[in-house]
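The chain contents come next:
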Amino acid sequence: MSQIYSGGFITAFAVGKTQTTSGSSARVTIPVDSAGNLPRYIRVAAINESYIKLGTSTVTATTNDILVQPADAVILAVNGATNIAYIQGTSAGKVNIIPLDNV
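Residues numbered from 1 in each chain as written. Predicted model: local features only at pLDDT ≥ 70, side-chain atom pairs only at ≥ 80, totals over all residues. Heavy atoms only, no water.

**Examining the sheet that holds strand β1 (residues 17-20)**
Read from one edge to the other, the open sheet built from four strands follows the order β1-β8-β3-β6, with strand pairing classed as antiparallel. Edge positions in the open sheet fall to β1 and β6 (72-77), since each of these has one partner strand only. The mean inter-strand angle of the sheet, taken between neighbouring strand axes irrespective of direction, is 20 degrees. (Pairing = 2+ DSSP bridges. Helix = DSSP H or I, 4+ residues; strand = E, 2+ residues; numbered from the N terminus. Axes fitted to C-alpha atoms, helices over the stretch in contact; angles between N-to-C directions.)

Encoded structure:
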């Protein structure tokens, strides 16, 4: 049986990554949790309209992927993905990727 994140408090002890978006897709490895493992869930926040996609070292984001609204965040199940790709919407901004520890 798979487990799901059902809301509630989150804990982030590990250092995340903040990346600047552009008009071309870029990718970065998913940061590890405080135990040094690939996390089960990550929180992704964006300053401007951004699009993200989880995958392998060849993943590419397009404007048809997961939309993260300006000043908003999403919690995503990693499900074995090793990288996250990101691309800007109408203007450059930043995305912040944080591994979650208690879920």
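After presenting the structure, the write-up continues.
**A word on the environment of Ala-77**
Relative to the assigned elements, Ala-77 resides in strand β6. Overall, the relative accessible area of 30% leaves Ala-77 in the partly exposed class. For the pair formed by Ala-77 and Asn-64, sequence separation is 13 residues and the distance between their alpha carbons is 19 Å. For Ala-77, the contacting residues outside a window of four places in its chain are Arg-40, Tyr-41 and Leu-54. (Buried < 20%, exposed > 50% of the residue type's maximum accessible area, 1.4 Å probe, protein only. Contact = heavy atoms within 4.5 Å.)

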